[in-house]
Amino acid sequence: MDLRCPYIEMNENLSTKAKITWCPGCPNNQILVAFRQAVSELAAENKIKTENIVAAAGIGCHGKIAEYLNMNTYTSLHGRAIASATGIKIANPNLTVVSFVGDGDAYAEGLEHLIHAARRNSDIKVFVHDNQMFALTTGQTTPTSPKGTKGKSTPSGSVEEPFEPLGLMLAAGASFVARTFAAEIQKTKEIIKAAMLHKGFAFVGIIQPCITFLDTRDYFKERVVWPEGEPAKTIEEAMRKIKVAAEKVPCGIFYKVSRPTFEEKI
Ligand code: SF4
């Protein structure tokens, strides 16, 4: 079935005429490139139909990605992109439904939607652009900001401990849990491809430094590691992979299991 929006003319590299207004060098650009490459390759391999993809983005710097992808996209309210994606998938289970969200979007305003989509195993793919900062509003802390982060809302430094979303996603019931680093475009592309092909709720946390308000590029370059091995089949094993060493930030696909999706059940 051809579900193509008649108003969108597809092109090969999925780019649009919209001017990219992210700060020059913003790692959102790397995520955009990785996603375009992932979709182009999956389409060339006949594993996915580009015209059957719908991407729902949230609000924040990341949300501009909806304008830069020449496919069916939707811009949601703040924190509601995952709820929108869930509804789109229920309305038409033949679609491949993606949700781009920021860390403020996913872990603050929209946290309940993230948890319940994982619990239901909704067949949607969630990509979190995690820059540990509300960047579009010029620098306020989010639930993943490191303790001590100085910003517009915390001029003396944040006193709160950040939380760790991967463990939360495992506990909530996500059937695919991964993390990647935006600077590693090829690895990010491969993880996006795996997530797109996963049947069920796929969660990918993407470390995306904000070079303007919280430049963590060097911090993560020194700490990101890519442990070898297949994704775990148990939560305990996945947690061991995530907690490989206190000073390291492991990336990769930590957990992947098969279980009935929400859409199959209803
Ligand atoms: Fe990227 Fe930060 Fe600029 Fe937003 S403010 S576009 S996240 S560098």
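For the structure, see preceding data.
I will try to describe carefully the structure that is included in this document.

Conventions used here
- Residues numbered from 1 in each chain as written.
- Predicted model: local features only at pLDDT ≥ 70, side-chain atom pairs only at ≥ 80, totals over all residues.
- Heavy atoms only, no water.
- Near = heavy atom within 4 Å.
- Nonpolar A, V, L, I, M, F, W, Y, C, P; charged D, E, K, R; others polar.
- Salt bridge = Lys/Arg side-chain N within 4 Å of Asp/Glu carboxyl O.
- Helix = DSSP H or I, 4+ residues; strand = E, 2+ residues; numbered from the N terminus.
- Buried < 20%, exposed > 50% of the residue type's maximum accessible area, 1.4 Å probe, protein only.
- Phe/Tyr/Trp six-rings, centres within 6.5 Å; stacked < 30°, edge-to-face > 60°.
- Lys NZ or Arg CZ within 6 Å of the ring centre and 35° of its normal.
- Axes fitted to C-alpha atoms, helices over the stretch in contact; angles between N-to-C directions.
- Parallel < 35°, antiparallel > 145°, perpendicular 65-115°, else oblique.
- Left-handed = near helix turned anticlockwise from the far one by under 90°.
- Contact = heavy atoms within 4.5 Å.
- Pairing = 2+ DSSP bridges.

Attention shifts here to the site of the ligand. Surrounding the ligand, one finds Trp-22, Cys-23, Cys-26, Asn-28, Cys-61, Asn-131, Ala-135, Gln-208, Cys-210, Ile-211, Thr-212 and Phe-213. Across the shell around the ligand, the residue classes break down as eight nonpolar, four polar and no charged.

Going through the model one piece at a time under the given rule, you end up with twelve salt bridges. Lys-193 is paired through a salt bridge with Glu-45; the nearest N and O atoms lie 3.1 Å apart. Of this pair, Lys-193 sits in helix 7 (residues 185-197) while Glu-45 is found in the loop between helix 1 (28-44) and strand 1 (53-57), placing the two residues 148 residues apart along the sequence. By relative accessible area, which is 10% here, Lys-193 ends up buried. By relative accessible area, Glu-45 is classed as partly exposed at 35%. Beyond isolated ion pairs, a larger network of salt bridges with shared partners links Glu-41, Glu-45, Lys-47, Lys-189, Glu-190 and Lys-193.

Another point: the packing of aromatic side chains. Applying the stated criterion across every chain yields a total of seven aromatic pairs. Considering the side-chain rings of Tyr-219 and Phe-220, the 5.1 Å spacing of their centres and the 85° angle between planes classify their relative orientation as edge-to-face. Taking relative accessible area as the criterion, Tyr-219 reaches 42% and is therefore assigned partly exposed. Take Phe-220: its relative accessible area is 8%, and that puts it in the buried class. Here the aromatic residues Phe-35, Phe-100 and Phe-127 are joined through ring pairs into a cluster of three or more. When the ring centre of Phe-262 is taken as origin, the NZ or CZ atom of Arg-120, which lies over that ring, is 5.4 Å away. Above the face of the Trp-226 ring, Lys-187 is positioned so that its terminal group lies 5.2 Å from the ring centre.

With that settled, consider the packing of helix 1 against helix 7. Two numbers describe a pair of packed helices, the interaxial angle and the distance between the axes. Look at helix 1 against helix 7: their axes get within 8 Å of each other, and the N-to-C directions meet at 50°. Accordingly, the angle class assigned to the pair helix 1 and helix 7 is oblique. Crossing hand, helix 1 versus helix 7: right-handed. Residue-level inspection shows Gln-30, Val-33, Ala-34, Phe-35, Gln-37, Ala-38, Val-39, Glu-41 and Leu-42 of helix 1 in contact with helix 7, the latter providing Ile-185, Gln-186, Thr-188, Lys-189, Glu-190, Ile-192, Lys-193, Met-196 and Leu-197. Across the contact of helix 1 with helix 7, the residue classes break down as ten nonpolar, four polar and four charged.

A separate point is unusual backbone geometry. One non-glycine residue, Asn-121, lies in positive phi territory at about 60°. We classify Asn-121 as buried; its relative accessible area is 0%. Even without glycine at this site, Gln-132 takes up a positive phi of about 60°. By the secondary structure assignment, Gln-132 is in the loop between strand 4 (124-130) and helix 6 (165-172).

With respect to topology, seven strands assemble into an open sheet ordered 2-1-3-4-6-5-9, the strand pairing being mixed. Every other strand in the sheet has two partners, leaving strand 2 (72-75) and strand 9 (252-256) as the edge strands with one partner each. The mean inter-strand angle of the sheet, taken between neighbouring strand axes irrespective of direction, is 15°. Pairing between strand 4 and strand 6 (residues 202-207): six bridges, direction parallel. Considered in strand 6, the bridge of Asp-130 is made with Ile-207. Each of strand 1, strand 3 (96-102), strand 4 and strand 6 is contacted by helix 1, which is oriented at about 155° to strand 4, the strand it contacts most. The strands touched by helix 6 are strand 5 (176-181), strand 6 and strand 9; relative to strand 5, the strand with the most contacts, the crossing angle is about 165°.

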